[in-house]
Amino acid sequence: MGEFVRLETADGIGVIRLERPPMNALNTQVQEELRAAAAEAAGSAEVRAVIVWGGEKVFAAGADITEFTTVTYQDMVGRAAALSGAFDAVARIPKPVVAAITGWALGGGCELALACDWRVVAEDARLGQPEIKLGIIPGAGGTQRLARLIGPAKAKDLIFSGRMVDAEEALRIGLADRVVPADRVYATAVELVRPYVTGPALALRAAKQAIDAGLSMDLPAGLALESHLFAGLFATDDRVEGTTAFVEKRKPGFTGN
């Protein structure tokens, strides 16, 4: 358990909780604690789905800019990969992951949300990549994941301008998946991932891997990966249970094996 980031597990759902008041600024320590929490969630058999949660007031308002004022090019050459890697650790959690967003998700906060599979957004939340206003660009996946999620033209609009979008626009362009009142964000995130707690964990892992890895491949390579993962699932207990339950016209009892 870190000072600012912790993993809490209950009923099969792991909650990666950010708690660095007042705005959950993502300084170097938070990034490393986030990496550790993601690794713990990925490796825990008790965790079947994950929520990334910044609390009732704010998700994460971005990097700790005070760290940037004295950083040199030479310093950042060594740190940039670690910064991106901390968020990539969340993206690589082989389980369903949802960001529960209240308040602000800006800069690194938006990039953290982009590393999740879905985003549940409060009606009064604001999202964006304002780095251009600091004379820099997103450095933790924003230029890559945002373009893949909402398309290059919309991503360029947000990144070039640095403007924020409200929840309604985020939903319209595909940056948000669900928009709810602020006091319903966490509960909605739980509702979204709860079905996966009792789902076929290895099949869910394979599906996520096929989709995410396939985005960086040409179609033949992606199809080959899909075929490989598909065939591998025929060695699982859950495949036996799922197909048998279908034939017997009953609900499957998946074990995650």
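About the thresholds
- Residues numbered from 1 in each chain as written.
- Predicted model: local features only at pLDDT ≥ 70, side-chain atom pairs only at ≥ 80, totals over all residues.
- Heavy atoms only, no water.
- Patch = residues over 30% accessible without salt bridge, like charges linked within 9 Å, V, L, I, M, F, W, Y side chains within 5 Å.
- Areas by Shrake-Rupley, 256 points an atom, 1.4 Å probe, with all protein chains shown as cover.
- Salt bridge = Lys/Arg side-chain N within 4 Å of Asp/Glu carboxyl O.
- Buried < 20%, exposed > 50% of the residue type's maximum accessible area, 1.4 Å probe, protein only.
- Helix = DSSP H or I, 4+ residues; strand = E, 2+ residues; numbered from the N terminus.
- Axes fitted to C-alpha atoms, helices over the stretch in contact; angles between N-to-C directions.
- Parallel < 35°, antiparallel > 145°, perpendicular 65-115°, else oblique.
- Left-handed = near helix turned anticlockwise from the far one by under 90°.
- Contact = heavy atoms within 4.5 Å.
- Nonpolar A, V, L, I, M, F, W, Y, C, P; charged D, E, K, R; others polar.
- Pairing = 2+ DSSP bridges.

Draft legend 1. Just a nonpolar patch on the surface, in detail. Residues Met23, Trp104 and Met164 make up a contiguous nonpolar surface patch of about 260 Å² in total accessible area. Given a relative accessible area of 33%, Met23 falls into the partly exposed group.

Draft legend 2. Highlighting the pattern of salt bridges. For the coordinates displayed, the defined rule picks out 12 salt bridges. In this structure, Arg35 engages Glu32 in a salt bridge whose closest nitrogen and oxygen atoms are separated by 3.1 Å. With Arg35 and Glu32 both in helix α1 (residues 28-43) and three residues apart, the pair spans about one turn of that helix. With relative accessibility at 27%, the residue Arg35 sits in the partly exposed group. Note that Arg250 and Glu241 form a salt bridge whose closest N and O atoms lie 2.7 Å from each other. The network of salt bridges with common partners includes Arg6, Glu8 and Glu19.

Draft legend 3. Fine view of the packing of helix α4 (residues 142-150) against helix α5 (residues 152-161). Where α4 contacts α5, the two axes come as close as 7 Å, and the packing angle between them is 135 degrees. One element, α4, and the other, α5, form an angle in the oblique class. Viewed along their axes, α4 and α5 form a crossing whose handedness is right-handed. Between α4, through Gly142, Thr143, Leu146, Ala147 and Ile150, and α5, the contact on the second element is made entirely by Pro152, Lys154, Ala155, Leu158 and Ile159. Of the residues in the contact of α4 with α5, the class split is seven nonpolar, two polar and one charged.

Draft legend 4. Quick look at the sheet that holds strand β2 (residues 13-18). Strand order in the open sheet made by the six strands is β1-β2-β3-β4-β6-β9, with mixed pairing throughout. Edge positions in the sheet fall to β1 (5-10) and β9 (178-180), since each of these pairs with one other strand and no more. In this sheet, adjacent strand axes meet at a mean angle of 20 degrees when their direction is disregarded. Of the strands in this sheet, β2, β3 (49-53), β4 (97-101), β6 (118-122) and β9 are in contact with helix α7 (residues 185-197), which crosses β6 at around 155 degrees.

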